[in-house]
Amino acid sequence: VLQCSVVGATGYTGAELIRLLAFHPQVKIAHLTTRSEEKIKASTLVPGLPKGTDYVIQKTSLKKIGEDSQVIFLALPHTTAMDAVAALRKYDRIIIDLSADFRLTNVRDFKTWYGVSHQHKALLKHAVYGLPEFYRHKIRQAQLIANPGCYPTSVILGLLPLVRERLIEFDAIIADCKSGTSGAGKKLSMKSHFSEVNENFNAYKVNQHQHTPEMNQVLSDAAVREKVSVTFVPHLLPVTRGILSTLYAKLRQGVKAAHVLKAYEKHYHSEPFVRFYGEGSFPSLREVQYTNFCDIGVQVNESNGQVIVISAIDNLLKGASGQAVQNMNIRSGFAEDLGLLN
Ligand SMILES: NC(=O)c1ccc[n+]([C@@H]2O[C@H](COP(=O)([O-])OP(=O)(O)OC[C@H]3O[C@@H](n4cnc5c(N)ncnc54)[C@H](OP(=O)(O)O)[C@@H]3O)[C@@H](O)[C@H]2O)c1
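Because the structure is predicted, anything quoted here is derived from the model rather than measured.

### Details of the overall build of the protein chain
Right, so step 1: A tally of helices and strands in the protein chain yields 11 helices and 15 strands.
Right, so step 2: Relative to the 2.2 N^0.38 estimate, which gives 20 Å for 342 residues, the radius of gyration of the protein chain is 20 Å and therefore close to what a compact globule would have.
Right, so step 3: Each principal axis of the C-alpha atoms in the protein chain carries an extent, and together these give about 60 × 45 × 40 Å.
Right, so step 4: Out of the 342 residues in the protein chain, the part that is buried amounts to 54%.
Right, so step 5: Within the protein chain, counting contacts between residues at least 6 apart in sequence, those at least 24 apart form 70% of the total.

Shown next, in the form of structure tokens:
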């Protein structure tokens, strides 16, 4: 049984981690932390915790967390997690960082998109991007796992078979994505409060969202010797959880529907958390909310050479905390779906 801690346990992804870890058969919760001086009962933030548990979220030093935990989940805002990672490294624990701080391999990209210089560049080479469907073999060995962003998870999983099998042009991909409001975290903002979002719908950060370089980095890695460039437009949906991405790409010369379907079957038939619907059938948010699944459907138009992919995830699970637990399972040698199917 692993001793696990969550740093930043009061946020949306932190609370989701508490729920998953509390029910995980191979986990014991060591520490749940907040910056607040007051202790918080986890049950006030997370409904349905097992009867008889009385987890408390409280201010705790990184030293104590490092000493007492075998796996440490960081659910802190981006740019604030990197110092915690640096401080925890000396304890040689498995660190799973849900923030963006160790996802980008290029520090200039980090500065451009997150507005601050990376303070711990030397650690970047130790970080493994925690997308099991592509980097599982590396995750098995990793001490620092950079858990993917929510939009990148839905876009990359939607496109990965097409890119790896080189079925589409790499410079003409459009990702039109819609997210629920929990994607922006718990803090209040003018743009995300109820009366702004309810019965409304809008694009934001049009082709300027910080997840763009992350998608391009991973998809370019999948393309091996070519660069992939995605035009990404996120939208804010008046729902709490879920991301639905509509992905448009141009087929390479001679590519038929059968090649596309074969590529998805090949890459995903043995994946525990990707469900491929085939052609002409598409997921809605309801199918994936409160699950760790990424559901995918495709439509191929051979006459105009276009493929459209619809992918859906729950941003707090496959897009964050569920994927983090999946990574812990892989790294720890547990069944990959342990604690993730209830
Ligand atoms: N929400 C998603 O769908 C999603 C998906 C993928 C990745 N992520 C990433 O996961 C991380 C956590 O996201 P979240 O949505 O859970 O965020 P959140 O709801 O805003 O929670 C973050 C928590 O971090 C703590 N914290 C510690 N230092 C902080 C600081 N300097 N400023 C603000 N809060 C601080 C806060 O707890 P106290 O106030 O109690 O200390 C807060 O509850 C972020 O890096 C985010 O980008 C989120």
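That shown, we press on.
### Thoughts on the sheet that holds strand 14 (residues 294-301)
Right, so step 1: Reading across the sheet, the seven strands line up as 10-11-9-12-15-14-13 and stay open at both edges, with mixed pairing between neighbours. The open sheet terminates on both sides in strands that have one partner only, identified here as strand 10 (202-203) and strand 13 (274-279).
Right, so step 2: Two elements, strand 12 (residues 243-250) and strand 15 (residues 306-313), share eight bridges in a ladder whose sense is antiparallel. Across the sheet, the residue bridging to Leu 244 is Ala 312, located in strand 15.

### What about the nonpolar core?
Right, so step 1: Counting 88 residues, the largest nonpolar core has Phe 73, Ile 168, Val 260 and Met 328 as the members making the most contacts within it.
Right, so step 2: With nine residues, the top contributor of residues to this core is helix 6 (residues 150-164).
Right, so step 3: Beyond its immediate stretch of four places on either side in the chain, Val 260 contacts Leu 162, Leu 167, Leu 251, Val 255, Val 298, Val 300 and Val 307.

### Some details on the pattern of salt bridges
Right, so step 1: All told, the structure shown has 15 salt bridges when counted by the stated rule.
Right, so step 2: Salt-bridge contacts for Lys 318 lead to Glu 133; the nearest nitrogen and oxygen are separated by 2.9 Å. Here the residue Lys 318 occupies a position in the loop between strand 15 and helix 11 (321-332), and Glu 133 occupies one in helix 5 (residues 132-139), the gap between them amounting to 185 residues. Neither Lys 318 nor Glu 133 differs from the other in exposure class; each is buried.
Right, so step 3: In this structure, the salt-bridge partner of Arg 275 is Asp 295, at a minimum N-O distance of 2.8 Å. Linking Arg 275 in strand 13 with Asp 295 in strand 14, this pair joins segments that are 20 residues apart in sequence.
Right, so step 4: According to the relative accessible area criterion, Arg 275 is partly exposed, its value standing at 31%.
Right, so step 5: A residue is classified by how much of its surface remains accessible, and Asp 295, at 0% relative accessible area, is buried.
Right, so step 6: The network of salt bridges with common partners includes Glu 16, Arg 19, Arg 241 and Asp 314.

### Quick look at the packing of helix 6 against helix 8 (residues 212-223)
Right, so step 1: At a minimum axis separation of 10 Å, helix 6 and helix 8 run at an interaxial angle of 20 degrees. As judged from the angle between their axes, helix 6 and helix 8 are roughly parallel. As for the relative orientation of helix 6 and helix 8, their crossing is right-handed in sense. Counting all contacts with helix 6, which are made through Tyr 151, Pro 152, Val 155, Ile 156, Leu 159, Leu 160, Val 163 and Arg 164, the residues of helix 8 involved are Glu 214, Met 215, Val 218, Leu 219, Ala 222 and Ala 223.
Right, so step 2: The residue inventory of the contact of helix 6 with helix 8, partitioned by class, reads 12 nonpolar, no polar and two charged.

### Overview of the packing of aromatic side chains
Right, so step 1: As enumerated under the stated definition, the model contains seven aromatic pairs in all.
Right, so step 2: On the numbers, 4.4 Å between centres and 50 degrees between planes, the contact of Phe 134 with Tyr 135 is tilted. Side by side, Phe 134 and Tyr 135 carry an identical accessibility label, which is buried.
Right, so step 3: Seen from their ring centres, Tyr 264 and Phe 276 are 4.8 Å apart, and the 15 degrees between their planes marks the pair as stacked. Note that Tyr 264 is positioned in helix 9 (residues 257-268) and Phe 276 in strand 13, a separation of 12 residues in sequence. An identical accessibility class is assigned to Tyr 264 and Phe 276; each is buried.
Right, so step 4: Taken together, the ring pairs in this structure connect Tyr 129, Phe 134 and Tyr 135 into an aromatic cluster.
Right, so step 5: Here the basic side chain of Arg 252 rests over the ring of Phe 170, its NZ or CZ set 4.4 Å away from the ring centre.

### Considering the state of the cysteines
Right, so step 1: Summed over all chains, the structure comprises zero disulfides.
Right, so step 2: You can see Cys 150 has no disulfide; the closest cysteine sulfur is in Cys 177, sitting 9.6 Å from it.
Right, so step 3: Its relative accessible area of 11% is what places Cys 150 among the buried residues.
Right, so step 4: For Cys 177, a relative accessible area of 0% corresponds to the buried category.

### Quick notes on the site of the ligand
Right, so step 1: Taken together, 23 residues sit near the ligand, with Thr 10, Thr 13, Thr 34, Arg 35 and Leu 76 positioned nearest.
Right, so step 2: Ser 182 places a polar main-chain atom, nitrogen or oxygen, 3.0 Å from a nitrogen atom of the ligand.
Right, so step 3: Residue composition of the shell around the ligand, grouped by class: eight nonpolar, 12 polar and three charged.

### Some points on unusual backbone geometry
Right, so step 1: In this model, Arg 166 sits at a positive phi of 55 degrees, which is unusual for a non-glycine residue.
Right, so step 2: Relative to the helices and strands, Arg 166 is located in the loop between helix 6 and strand 9 (173-179).

### Topic: the pairing of strand 9
Right, so step 1: Burial analysis of strand 9 places five of its seven residues in the buried class, the great majority of the element.
Right, so step 2: Direction of pairing for strand 9 relative to strand 11 (residues 230-236): parallel, over a ladder of seven bridges. The partner of Cys 177 across the bridge, within strand 11, is Pro 234.
Right, so step 3: Note that strand 9 and strand 12 share six bridges and pair antiparallel. Across the sheet, Ile 174 pairs through a bridge with Tyr 248, a residue of strand 12.

Criteria and cut-off values
- All residue numbers here refer to positions counted from 1 along the written sequence of the relevant chain.
- Where local features are concerned, this predicted model is filtered to residues with pLDDT of at least 70; where side-chain atom pairs are given and counted, the filter is 80 or more; whole-chain, interface and lining totals use all residues.
- The basis for every side-chain value is the complete set of heavy atoms in the structure, and neither hydrogens nor water enter the calculation.
- For helices the rule is a DSSP run of H or I covering at least 4 residues; for strands it is a run of E covering at least 2, with both sets numbered from the N terminus onward.
- As defined in this context, the radius of gyration uses C-alpha atoms, and a globule is described by 2.2 Å times the residue total to the power 0.38.
- The buried label applies to any residue whose accessible area, calculated with a 1.4 Å probe on protein chains only, is under 20% of its type's maximum; exposed applies above 50%, and partly exposed to all values in between.
- Pairs of residues are marked as contacts when any of their non-hydrogen atoms sit within 4.5 Å.
- Pairing between strands is defined by DSSP: at least two bridges between the two strands are required.
- Residues enter a nonpolar core if they are buried and are Ala, Val, Leu, Ile, Met, Phe, Trp, Tyr or Cys, with the set joined through side-chain atoms within 4.5 Å.
- Should a side-chain nitrogen of Lys or Arg be within 4 Å of a carboxyl oxygen of Asp or Glu, the pair is scored as a salt bridge.
- Lines fitted to C-alpha atoms define the axes here, with helix axes fitted over just the stretch in contact, and angles between the N-to-C directions of these axes take values from 0 to 180 degrees.
- For classification purposes, an angle smaller than 35 degrees is called roughly parallel, one larger than 145 roughly antiparallel, one from 65 to 115 roughly perpendicular, and anything else oblique.
- Take the far helix as the reference: if the near one is turned anticlockwise from it by less than a right angle, the crossing is left-handed, and if turned clockwise, right-handed.
- Ten residue types, Ala, Val, Leu, Ile, Met, Phe, Trp, Tyr, Cys and Pro, are classed as nonpolar, four, Asp, Glu, Lys and Arg, as charged, and the remainder, Gly among them, as polar.
- Here the aromatic set is Phe, Tyr and Trp, taking the six-membered ring for Trp, and pairing holds for ring centres within 6.5 Å; pairs whose planes are under 30 degrees apart are stacked, those over 60 apart are edge-to-face, and all others are tilted.
- Geometrically, a charge over a ring is one whose NZ (Lys) or CZ (Arg) sits within 6 Å of the ring centre while staying within 35 degrees of the ring normal.
- What counts as a disulfide here is a pair of cysteine sulfur atoms lying within 2.5 Å.
- By convention in this text, a residue qualifies as near a molecule or strand provided that one of its non-hydrogen atoms is within 4 Å of it.
- Here a polar contact is taken to be a pair of N or O atoms separated by no more than 3.5 Å, where protein atoms must pair a possible hydrogen donor with a possible acceptor and residues adjacent in sequence count only if both atoms sit in side chains.

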